[in-house]
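An overview of the molecular structure
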Amino acid sequence: MLLLLCLLSPLVANVRAETGHEAWRRYFRLAPKIGQKYANVPIDIVSVGDTVILAASRKELIVGLAGLLGSAPRKSANPIDRSIVLGKAADLQSKFPKLSVGAISDEGYRLKWQRIGEKACLVIAGGGDRGVLYGVFALLSKIARGEDISALNEVQNPAAEIRWVDQWDNLDGSIERGYAGSSIYFYGGRVRDDLTRASEYARLLASIGINGCNINNVNANPRVLQSDFLPQIARIADEFRHWGVHLSLSVDLSSPTTIGGLDTFDPVDPRVAAWWNSKADEIYTLIPDFGGFTVKADSEGRVGPSSYGRTPADAANVLARALAPHGGVVFYRAFVYDHHLDWRDPKSDRARAAYDIFHPLDGKFDDNVIIQIKHGPIDFQAREPVSPLFSGMEKTSEAIELQITQEYTGQQRHLVYLAPMWKEVLDFDMNGAEQKPRIAAKAPRAPGEEEKQEDSSWFVRTLLAGRIFHRPTGGYVAVVNAGMDENWLAHPFAMANLYAYGRLAWDSNLGARQIAEEWTRLTFGNDSVVVRTATEIAMNSWRTYEKYTGFLGTQTLTDITGSHYGPNIESSEENGWGQWHRADHEGIGMDRSVKTGTGFAGQYQPAVANMYESAATTPDELLLFFHHVPYTHVLHSGKTVSQYVYDSHYEGANEVKGFVREWKGLKERIDHERYDDVLARLEYQAGHAIVWRDAVCSYFLRLSGIADAKGRAGNFPNRIEAEGMTLTDYDVVEVAPRENASDGKAIRCLVPAGCSATFRFGARETGQAQAGLPHSKRYEIDVQYFDQNNGVSRFRVFVNGRKVDEWAADDHLPAKKIGGDTSTRRRIHGVALRPDDEIRVEGIPDEGEVAGLDYLEILAETTDR
Ligand code: GCV
């Protein structure tokens with residue numbers, strides 16, 4: 001028994017109940033084997049300096065070490081025996097003249113063992129207050145991950161000055177594209193009374209080096225700037241300040257008229273400039289460390305400078321001049337486009353907009369304006385090329401805008417780790433193969449940092465750091481949309497994206513795998529099986545999602561005019577939003593070449609433009625973004641486009657099944673709460689991946705008329721369509737679009753007492769029996785039903801009158817109707833069946849939800865489904 005306990009001990013150490021609220025700063029007591037590595041970590045803290053950030057740093061260090069190592073450190077005025085000594089480099093050096101920490105940038109830090117007098121101390125020196133805080137978090141992270149710190153001597157300076165997040169929170173408490181509950185800041189038109197979550201969020205952000213947060217939706221409510229509202233905003237800034245997080249606000253450019261009483265918001269009108277100046281003064285009186293303004297204008301119905309024939313530079317500069325005396329910045333979003341484009345015009349192209357508008361303005365923006373550029377030219381798609389604007393402005397500061405909230409990537413119901421995609425963007429060389437001589441010879445460097453010989457590549461990450469064109473600032477912004485959900489982002493793995501974003505904004509040279517491993521250790525503990533499995537699932541997840549939802553650069557195939565979630569392939573077409581894939585009977589793709597298409601490819605630097613100009617040199621994964629090709633076009637991989645569509649969707653759906661299997665291997669190695677939560681989400685995802693697979697395959701099978709060489713698409717031997725069963729009170733409905741239900745039909749129940757669908761089980765339903773394989777007596781029954789969000793239907797399944805399962809359709813999927821957003825799979829395991837058994841499904845509707853049913857699939861039970 002004792003032996004058994006010993007063998008299990010590394011496992012049970014990890015399995016304390018958890019909600020995910022602590023994210024990657026759990027500070028759980030280290031397992032003894034790891035903990036003993038830190039036996040000589042000092043338990044005495046000497047802190048030099050006294051600011052709110054230093055106080056927070058000291059407190060974090062005490063809480064973290066007490067949790068990880070089991071004993072609370074003491075505070076001392078001077079080093080005794082061994083101490084951790086922390087403070088700003090300049091302050092430490094004046095207090096301990098013999099201490100040498102070298103040069104550190106303002107937000108950088110050094111972690112180093114050093115003798116102070118006779119005492120061997122562990123020094124945490126920051127360039128400024130934030131540097132100290134980041135150093136503390138870094139040390140705690142190393143210990144939590146079991147990293148050797150016995151010879152620690154490390155300096156870290158952030159890659160870029162701007163490391164911000166945006167929240168799209170509305171004052172009524174809702175969050176645009178938020179998938180994890182309501183706003184942590186606002187409720188019912190005002191700032192929440194209890195801002196505990198706001199403070200905890202700032203701490204979370206600081207722990208990964210993020211130094212700014214824009215708290216309200218870019219579709220901004222002008223009310224946020226009203227004089228009676230600003231003191232409420234100041235309360236949030238008070239919470240952020242301890243964690244070194246600047247607060248900024250999205251502003252509506254029409255504010256001078258809507259709340260200012262002026263008859264114009266023309267940015268070149270002196271009265272408008274005076275209004276913004278006095279508004280900025282008012283804000284800084286309340287919030288001295290206010291970060292600045294974010295602007296969405298002339299975009300998706302927002303007003304902007306075009307109302308007066310002015311440019312984004314005119315608009316940005318009037319704000320920038322109001323903020324400049326206080327040190328604030330303007331984030332002007334390059335997401336400016338016409339959403340009433342003429343879809344019949346083969347030359348019209350939304351992808352061109354940002355470059356067409358902003359490139360000619362290069363040099364016209366004030367130095368404290370940062371152009372915030374979405375990573376691709378469209379809108380956070382699972383695959384799109386890098387925005388050409390990154391290399392289109394040499395005299396303007398830039399920030400990349402990434403999206404952590406998974407608007408087009410499964411909305412935190414699908415596990416999609418985005419760091420591999422972001423790495424491809426950041427590592428993309430905008431200069432292509434061409435070697436340009438005009439590269440900066442001397443880039444601004446952190447003090448003490450060695451001058452690196454940059455080659456002539458224009459990596460996006462280097463452009464963002466301002467190094468190539470000597471820009472004073474620049475960096476990273478990401479839309480997070482954390483909410484009131486206990487674990488911040490709903491899906492436990494969605495937190496890996498927030499973690500990865502912070503780590504990359506700090507050090508863009510880190511690898512996606514290394515970050516995933518770090519996150520896994522900090523989130524789930526150091527069990528090597530957990531680390532390996534979770535990292536592997538994460539690393540594969542983005543490409544897997546791409547395989548079953550969108551192919552070869554089509555852009556999104558989600559419901560573009562609705563939820564942006566489930567499949568709706570035709571919704572991209574015949575409207576002005578410009579996310580067209582141009583699929584017809586013969587072929588698919590947007591021709592964006594210069595020679596025959598929209599000319600978008602020509603917005604890149606010559607080497608990259610040449611690559612995208614021809615289908616022969618465009619990488620497969622972006623082929624359809626740049627070219628219209630027949631379904632018979634042969635890819636570099638050797639497959640035709642049509643066969644690729646079938647293969648990739650079957651592969652993708654199978655890979656998610658694999659994730660479920662791998663995750664199940666972690667049972668007992670992770671606390672039950674998070675294990676079960678992730679498992680349930682993965683099982684849902686595996687079902688929804690099949691919905692996607694079947695929708696896309698059947699759509700293109702019908703459109704192209706080209707069969708799947710492997711015979712899978714449109715062929716479901718084990719499927720029993722609901723509309724083919726014997727129905728009592730259920731009625732048959734045509735589903736639109738038809739590919740969102742098997743065979744285009746489903747059944748719905750409008751009778752409050754309930755309806756039923758019955759059939760007799762026969763050999764036809766068992767692939768194994770048909771193939772003459774040994775007949776299994778136990779089966780898995782997959783029930784494909786529809787879980788709308790306007791009611792909670794109930795389902796019951798009976799075999800020969802005996803109930804084998806029941807459940808409530810109570811998920812919060814983003815639709816009120818039967819379709820691709822709501823199609824959901826329930827798996828019933830281990831059902832004993834004999835030929836001719838009666839299987840009956842009962843559905844009881846609730847309010848608007850109609851207990852919709854699509855089909856059943858029955859297969860012999862195996863361990864590998
Ligand atoms: C905040 C996309 C989203 C919108 C979002 C917009 C933006 O269009 O669907 O919800 O609006 O991007 O980034 O401004």
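Before going further, it helps to examine the overall build of the protein chain. Each helix and strand in the protein chain was counted, giving 21 helices and 29 strands. Against the compact-globule benchmark of 29 Å for 865 residues, the protein chain has a radius of gyration of 29 Å, which places it among compact chains. Each of the three principal axes of the protein chain carries a C-alpha extent, and together these read 90 × 80 × 55 Å. The buried share of the protein chain, reckoned over its 865 residues, is 62%. Sequence-distant contacts in the protein chain: of pairs separated by 6 or more residues, those separated by 24 or more amount to 74%.

Take the packing of aromatic side chains next. Under the definition given, this model contains 40 aromatic pairs. Centroid distance Phe600 to Phe625: 6.0 Å. Interplanar angle 65°. Geometry classified as edge-to-face. One end of the pair, Phe600, is in the loop between strand 17 (587–588) and helix 17 (606–613); the other, Phe625, is in helix 18 (residues 623–626), and 25 residues separate them in sequence. Here Phe625 falls in the buried class, since its relative accessible area comes to 0%. Here Tyr612 and Phe626 contribute two aromatic rings whose centre-to-centre distance is 4.0 Å and whose plane-to-plane angle is 10°, an arrangement assigned as stacked. In this pair, Tyr612 is assigned in helix 17 and Phe626 in helix 18, connecting sequence segments 14 residues apart. The exposure class assigned to Tyr612 is buried, which follows from its relative accessible area of 3%. Taken together through their ring pairs, the aromatic side chains of Trp275, Trp276, Tyr284, Phe290 and Phe293 make up a single cluster.

This next bit is on the site of the ligand. Taken together, 14 residues lie around the ligand, and Glu176, Lys296, Arg333, Lys374 and Glu407 are the ones closest in. Side-chain polar atom of Asn219 to an oxygen atom of the ligand: 3.3 Å apart, as the coordinates give it. The protein chains hide 96% of the 340 Å² of surface that the ligand would expose on its own. For the shell around the ligand, a count of residues per class yields three nonpolar, three polar and eight charged.

Before going further, it helps to examine the layout of surface pockets. Within this model, the second largest pocket holds a volume of roughly 1,100 Å³. Lining the second largest pocket are 42 residues, and of these Ala680, Arg681, Glu683, Tyr684 and Asp811 lie nearest its centre. At the level of elements, helix 19 (641–664), helix 20 (672–704), strand 24 (778–786), strand 26 (802–809) and strand 27 (823–832) are the ones that each hand at least two residues to the lining of the second largest pocket. Here the lining of the second largest pocket takes eight residues from helix 20, the largest share from any one element. Looking at side-chain class alone, the lining of the second largest pocket contains 14 nonpolar, 10 polar and 18 charged residues.

To continue, consider the nonpolar core. Formed by 199 residues in total, the largest nonpolar core has its most connected members in Tyr201, Trp276, Tyr332, Trp663 and Phe700. No other element matches helix 20, which puts 12 residues into this core. Those residues in contact with Phe700 that lie beyond four places of it in its chain are Phe551, Ile569, Ala583, Ile588, Tyr631, Val645, Tyr646 and Gly705. Membership of the second largest hydrophobic core comes to 29 residues, among which are Phe759, Ala809, Ile828 and Ala860.

With that settled, consider the state of the cysteines. Summed over all chains, the structure comprises one disulfide. Across the disulfide, Cys749 is cross-linked to Cys755 (sulfur-sulfur distance 2.0 Å). With the S-S bond torsion at 75°, the cross-link from Cys749 to Cys755 turns out right-handed. Summarising the burial analysis for this pair, Cys749 and Cys755 share the class buried.

Moving on to empty space enclosed by the protein. A complete count under the given rule lists eight cavities of 30 Å³ or more for this structure. By volume, the largest cavity is sized at about 130 Å³. Every residue lining the largest cavity is counted, 17 residues in all, and those nearest its centre are Ala382, Arg383, Gly550, Gln555 and Thr556. Tallied by class, the residues present in the lining of the largest cavity amount to seven nonpolar, eight polar and two charged.

The strand order across the open sheet built from five strands is 20-23-28-25-26, with neighbouring strands paired in antiparallel fashion. Both outer strands of the open sheet, strand 20 (726–728) and strand 26, are each paired with one neighbouring strand and no more. Along the sheet, successive strands turn relative to each other by an average axial angle of 15°, direction set aside. Note that strand 20 and strand 23 (residues 755–760) share three bridges and pair antiparallel. Within the sheet, the bridge partner assigned to Leu727 lies in strand 23 and is Ala757.

Here eight strands make up a closed barrel; going around it, the order is 7-10-11-12-13-14-15-16 and the pairing parallel. In this sheet, adjacent strand axes meet at a mean angle of 25° when their direction is disregarded.

Counted at 1.5 Å a residue, the expected span for helix 20 with its 33 residues is 48 Å, and the 47 Å between its end C-alpha atoms agrees. Backbone geometry just after helix 20 places Gly705 at a positive phi near 70°.

We now examine the pattern of salt bridges. Evaluation of the coordinates by the stated rule reveals 61 salt bridges. Ionic pairing is found between Lys423 and Asp427, a salt bridge with its closest N-O pair at 3.6 Å. Note that Arg513 and Glu536 form a salt bridge whose closest N and O atoms lie 3.1 Å from each other. Taken as a pair, Arg513 in helix 15 (residues 512–524) and Glu536 in helix 16 (residues 528–549) lie far apart in primary sequence, 23 residues in all. On the accessibility criterion, Arg513 (37% relative accessible area) is partly exposed. Accessibility expressed as a relative area gives 31% for Glu536, which makes it partly exposed. By sharing partners, the salt bridges in this structure join Arg693, Asp694, Arg719, Glu780, Asp782, Arg825, Arg827 and Glu857 into a single network.

What follows concerns the packing of helix 7 (residues 230–241) against helix 9 (residues 270–286). Contact geometry for helix 7 and helix 9: axes closest at 9 Å, N-to-C directions at 45°. It follows from the interaxial angle that helix 7 and helix 9 lie oblique. Where helix 7 crosses over helix 9, the two elements pack in a sense that is right-handed. Together, Leu230, Pro231 and Ala234 of helix 7 and Lys279, Glu282, Ile283 and Leu286 of helix 9 make up the contact between the two elements. Across the contact of helix 7 with helix 9, the residue classes break down as five nonpolar, no polar and two charged.

Taken across its six residues, strand 11 (residues 246–251) has five buried, putting it largely inside the fold. By the bridge criterion, three bridges tie strand 10 (residues 212–214) to strand 11 in an arrangement that is parallel. Pairing of Asn214 across the sheet is with Ser248, part of strand 11. Each parallel crossover has a hand, and the one from strand 10 via helix 7 to strand 11 is right-handed. Where strand 11 and strand 12 (residues 292–295) come together, four bridges link them in parallel fashion. Residue Val251 lies in a different strand from strand 12, and its bridge partner there is Val295.

A few words now on the confidence of the model for the protein chain. Mean pLDDT over the protein chain: 93, with 94% of residues reaching 70 or higher. Low pLDDT, under 50, characterises residues 435–445; the stretch is placed with 23 contacts to residues that sit more than four places away or in other chains. In this model residues 447–451 is a low-confidence stretch, pLDDT under 50, and it forms nine contacts with partners more than four residues away in sequence or in other chains.

Position of His581 among the secondary structure elements: in the loop between helix 16 and strand 17. The exposure class of His581 is buried, given its relative accessible area of 1%. At a separation of 2.7 Å, a polar atom in the side chain of His581 contacts the main-chain carbonyl oxygen of Ile569.

Calculation rules
Residues numbered from 1 in each chain as written. Predicted model: local features only at pLDDT ≥ 70, side-chain atom pairs only at ≥ 80, totals over all residues. Heavy atoms only, no water. Helix = DSSP H or I, 4+ residues; strand = E, 2+ residues; numbered from the N terminus. Rg over C-alpha atoms; globule rule 2.2 N^0.38 Å. Buried < 20%, exposed > 50% of the residue type's maximum accessible area, 1.4 Å probe, protein only. Contact = heavy atoms within 4.5 Å. Phe/Tyr/Trp six-rings, centres within 6.5 Å; stacked < 30°, edge-to-face > 60°. Near = heavy atom within 4 Å. Polar contact = N/O pair within 3.5 Å; in protein donor to acceptor, adjacent residues only side chain to side chain. Areas by Shrake-Rupley, 256 points an atom, 1.4 Å probe, with all protein chains shown as cover. Nonpolar A, V, L, I, M, F, W, Y, C, P; charged D, E, K, R; others polar. 1 Å grid on protein atoms, 1.4 Å probe; cavity = no way out; pocket = protein on both sides within 12 Å on 5 of 7 lines; lining within 4 Å. Points joined across faces, edges and corners; volume = space filled by probe spheres on them. Core = buried A, V, L, I, M, F, W, Y, C linked by side-chain atoms within 4.5 Å. Disulfide = S-S within 2.5 Å. Pairing = 2+ DSSP bridges. Axes fitted to C-alpha atoms, helices over the stretch in contact; angles between N-to-C directions. Expected span 1.5 Å × (residues − 1). Salt bridge = Lys/Arg side-chain N within 4 Å of Asp/Glu carboxyl O. Parallel < 35°, antiparallel > 145°, perpendicular 65-115°, else oblique. Left-handed = near helix turned anticlockwise from the far one by under 90°. Right-handed = clockwise from strand over helix to strand, strands pointing away. pLDDT = per-residue confidence, 0-100.

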